[in-house]
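Take a look at the letters that make up each chain.
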Amino acid sequence: MQKKYIIGIVILILLIFSTFWCYRHFSGLQTPDPSNLPDSLDLVVVPPPPPPETLYGIQKDSFIIESGRIKYAQNLASLLTSHDVDYSIIHNLAIASKEVFDVRRIKTGNKYTVFSSEKDSTLVPEWFVYEIDPIEYLVMSLKGDTIVYRDKKEVITQRKTAIGVIESSLWNTINDNELNPNLALDLSDIFAWTVDFFGIEKGDHFTVVYDEEYVDSVSIGIGEIHAAYFNHRKEAYYAFRYEQDSIMSFFDENGASLRKAFLKAPLKFSRISSRFSNSRLHPVLKIRRPHRGIDYAAPTGTPVYALGDGRITHRAWDTKGGGNYIKIKHNSVYTTVYMHLSGFAKGIKRGMLVTQGQLIGYVGKTGLATGPHLDFRVYKNGRPMDPLKMEAPPVEPIYEGRMEQYLQYIRPWKNELDSLTTGYMEHKKETTDSPATHL
């Protein structure tokens, strides 16, 4: 009986298998050819949803956002109470923020933003953001948990080049070419020891490779200047940014430092109203007498800087007509004097050491003066000399052992400066020489 049962099962399996084989063979059912399968690359892939948009790291679509500017005499308390923030929360935030940011330093005109949620048709403020500067901002939770922290916006750096030909002044050329005005200040600082910016001549030209920094697509200033070229009175001056002894400075194409013992002038962007003379008609006394210095005409309050490192020997009032004045002894050879100051910089006093470029006072018209100006004088070995004829030796050159490395580093920068300058000047000459086209 058991044997018949087993035979029956085997026959049943054979019938099922043969039925399936016949169905495939006669119905056209075939095993798919892998070569005919659709390429997986042709399949439509649904991308993941984009990340939620944020502002100051806070998800925007979760809040109603209000922005404004700090008003005159407005402080944190008056600002947040106007947005219905409980005073106890404000008080706790002011205490919690002491180690992060002193809220008493909130400045008029700076931007702020309040993030609020809507509950029962009422706005409930939850976050407050104050922009400390174009990059840094302060975030405060308004939910009673005293979360306070600082963060930074992303800064985008763009490499740029600029070329300009002087028509009147460096400042005007930068402005006419719609360049960042800080570029004029930076170039004047770099070449302060080699280029006389009070003696700029028409036709002088410059080329510079630099970084400009952007936040929220808005320029926030000049970053690093990598290389610069200035042609002044047909003399070529190069500047390359390079680090030596962990100090970043500028050196020329031969490895000499652009930093000299003295600045070319003690103030920026002015004009010479009176030069060194052995016989000048005094504008107030109306008599002729020697004028042992240079008068720089400038608005009252214009910053005045120390020409070089030294010690202040006098900070006083000159009874002979010089008004407020400062005298600095730089070394055993040179002494400089700054007269007619409207005031002295904070902390400046007799006997203190000052560094090159340090703010020491402000242009004025104290003493015998018809208008605001700086009477600047230089003494060499105790004798007055023409400040415009003073030469200062370079300092801190590239070490001999590093010269080959330095020259290799600056080679591509110099090639780029030369190529840009040559191309621009040739194009400008062709444009100038070509006959005018009349429509």
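Everything that follows concerns the structure shown earlier in this document.
Criteria and thresholds
Residues numbered from 1 in each chain as written. Predicted model: local features only at pLDDT ≥ 70, side-chain atom pairs only at ≥ 80, totals over all residues. Heavy atoms only, no water. Helix = DSSP H or I, 4+ residues; strand = E, 2+ residues; numbered from the N terminus. Buried < 20%, exposed > 50% of the residue type's maximum accessible area, 1.4 Å probe, protein only. Pairing = 2+ DSSP bridges. Axes fitted to C-alpha atoms, helices over the stretch in contact; angles between N-to-C directions. Core = buried A, V, L, I, M, F, W, Y, C linked by side-chain atoms within 4.5 Å.

1. A short note on the side chain of glutamate 131
You can see glutamate 131 is positioned in strand β5 (residues 122–131). On the basis of relative accessibility, which here comes to 10%, the residue glutamate 131 falls in the buried class.

2. Structural notes on unusual backbone geometry
If you check the backbone angles, tyrosine 56 has positive phi at about 55° while not being a glycine. Position of tyrosine 56 among the secondary structure elements: in the loop between β1 (54–55) and β2 (58–59). Even without glycine at this site, histidine 340 takes up a positive phi of about 65°. Along the polypeptide, histidine 340 turns up in strand β20 (residues 334–344).

3. Details of the sheet that holds strand β6 (residues 136–141)
The antiparallel open sheet is built from 5 strands, whose spatial order is β3-β4-β5-β6-β7. Taken across any chain shown, the strands that pair with only one partner, and hence form the sheet edges, are β3 (64–69) and β7 (148–152). When strand polarity is set aside, the average angle formed by the axes of neighbouring strands in this sheet is 25°.

4. Points about the nonpolar core
Among the nonpolar cores identified, the biggest contains 32 residues, and Tyr296, Ile326, Tyr338, Ile360 and Leu374 are the most heavily contacted of them. Of all elements in the fold, only β16 (294–297), β19 (323–329), β20, β22 (359–363) and β23 (373–380) reach the threshold of two or more residues within this core. The greatest single-element share of this core, amounting to 4 residues, is contributed by β20.

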